[in-house]
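# Analysis of the macromolecular model
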Amino acid sequence: MPDVIVVGGGVVGLSIAQAVAAKGRSVTVLDPGDPTSAASWAAAGMLAPLSESERPDAFFELCAASLRLYRLWAGRLQTQSGLDPEYDESGLLCVATSKQSLNALKKRMAWQHDAGFSSEFLTPEDVQRLEPNLTLEVTGGVHTPGEFQVRPRRLLEALKAACVASGVEVQAGQRVRAVLHENEQVSGVETETGNISGECVVIASGVRSTEILGLRPRLRMKARKGQILSLTAPMPLFRRLIRWEHSYMVQRKDGELVVGATNEDAGMDRNITPAGIGELLARAQEISSHTASFAIREMWTGLRPATADGLPVLGHAGIRGLIYAAGHYRNGILLAPITASIVTALIEGEAPPVALEPFAPDRFEV
């Protein structure tokens, strides 16, 4: 019987498993077995709390705390696994094409400065100087050097290897049907192939978490479909992450240029559609006309797990031994290190590194 059962083999589940195992506990990860079904597999890998947040609230503090962990965390993973997750401190350029959107960027920059974060206002000429291949007509922009990127699929590979090196048992092809409990205490899980005993269960299985029986409280999330594609750039097109409104471009070292992403209420549908891909290609060419001649490298979709308020669900649930680490929506890659630290602290009976009240599992209960 393992000390801890982690339900979910995406970046959040594997990060938790690796961190808990480092404390000397035995850990079993139950993974449905299809890596392409994980939201983290489909992600672009932007580590950008400043450009994601509208105000310095609890969610921003959570994201910022996780980003502060990332350099050392990614370095340790690379050392332990021998695989490079391609953590890159490239910085981000957020551009505006109207006075209204530029004023919104300025307001965001003001509170970020008050919170102690560095960002720089740019004129159109400054934008052109920093990124000469950006052909969009802009009214200005903001450069945030403290926002980074990682390559999600490489990160998943590194996490899996680090888990194996730490003695974590990863059982692929194990879909959990229910959490089992007796006398208000977790006793294990029921899978499609049988029961597995354990007194601590961590739910980290994305949108599929809502299908698990026996949870208290219920996890209420819906899937937000994201279509995304990548192009093959014959030369590095950008030196930084590029963001314009809800569109972004992420330049990889090997020439891959990721273009994302749609945000659709489409249930569990993961089909690639002409409307979704057409929108991405049009936006890419608006950002840089050079992309018109680039080959399409890959197209894919992911299902983001979104709660009603867009915040993750973190903390002890209503049954002893049950912990939630789900609903990370668009920020699972960014929030992996801090989520692992939070869950490890809860399991060890220690105070978590951040206040969890805004993310409490029972906040949706009436």
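Look up: the structure comes first, before these words.
Now for a look at the structure at hand. (Residues numbered from 1 in each chain as written. Predicted model: local features only at pLDDT ≥ 70, side-chain atom pairs only at ≥ 80, totals over all residues. Heavy atoms only, no water.)

## Side note on the pairing of strand 6 (residues 140-144)
Selection criterion: Categorising residues by exposure relies on relative accessible area from a 1.4 Å probe, with only protein chains included: less than 20% of the type maximum marks a residue as buried, more than 50% marks it as exposed, and the intermediate range marks it as partly exposed. Strands are runs of DSSP state E lasting at least two residues, helices are runs of H or I lasting at least four, and both sets are numbered from the N terminus onward. Two strands pair under a simple rule: DSSP has to find at least two bridges between them.
Taken across its five residues, strand 6 has five buried, putting it largely inside the fold. Of the two faces of strand 6, the one lined by Gly140, Val142 and Thr144 and the one lined by Gly141 and His143 are each fully buried. Strand direction decides the pairing type here: strand 4 (residues 92-96) and strand 6, joined by five bridges, are antiparallel. Each bridged residue has a counterpart across the sheet, and for leucine 93 the counterpart in strand 6 is histidine 143. Here strand 5 (residues 120-122) runs beside strand 6; their pairing, made up of three bridges, is antiparallel. Among the inter-strand pairings, glutamate 120 is bridged to a residue of strand 6, identified as histidine 143.

## Some thoughts on the packing of aromatic side chains
This is how the line gets drawn: Aromatic pairing here means that ring centres of Phe, Tyr or Trp (its six-membered ring) are within 6.5 Å. Orientation follows from the plane angle: under 30 degrees is stacked, over 60 is edge-to-face, and everything else is tilted. Geometrically, a lysine NZ or arginine CZ counts as sitting over a ring once it is within 6 Å of the ring centre and also within 35 degrees of the ring normal.
Summed over all chains, the structure comprises five aromatic pairs. On the numbers, 5.1 Å between centres and 80° between planes, the contact of tyrosine 70 with tryptophan 73 is edge-to-face. Of the two residues, tyrosine 70 and tryptophan 73 are both situated in helix 4 (residues 58-81); the distance of three residues between them amounts to about one turn of the helix. Tryptophan 73 matches tyrosine 70 in its accessibility class, with the two residues each being buried. Relative to phenylalanine 148, the ring of tyrosine 87 lies with its centre 5.9 Å away and its plane at 80°, an arrangement referred to as edge-to-face. Pair noted here: tyrosine 87 is in the loop between helix 4 and strand 4 and phenylalanine 148 is in strand 7 (residues 148-149), with a separation of 61 residues, a long-range link. Judged by relative accessible area, which is 10%, phenylalanine 148 ranks as buried. Each residue in the set Tyr70, Trp73, Tyr87 and Phe148 is aromatic and connected to the rest through ring pairs, giving one cluster. Above the ring of tryptophan 244, the side-chain terminus of arginine 283 is found at 3.8 Å from the ring centroid.

## Some details on the pattern of salt bridges
Where we set the bar: A pairing counts as a salt bridge when a side-chain nitrogen of Lys or Arg comes within 4 Å of a carboxyl oxygen of Asp or Glu.
Taken as a whole and assessed by the stated rule, the structure comprises 19 salt bridges. For aspartate 57, the salt bridge identified is with arginine 55, shortest N-O distance 4.0 Å. Aspartate 57 sits in the partly exposed class, given a relative accessible area of 30%. A salt bridge links aspartate 126 to arginine 129, with the shortest nitrogen-to-oxygen separation between them at 3.0 Å.

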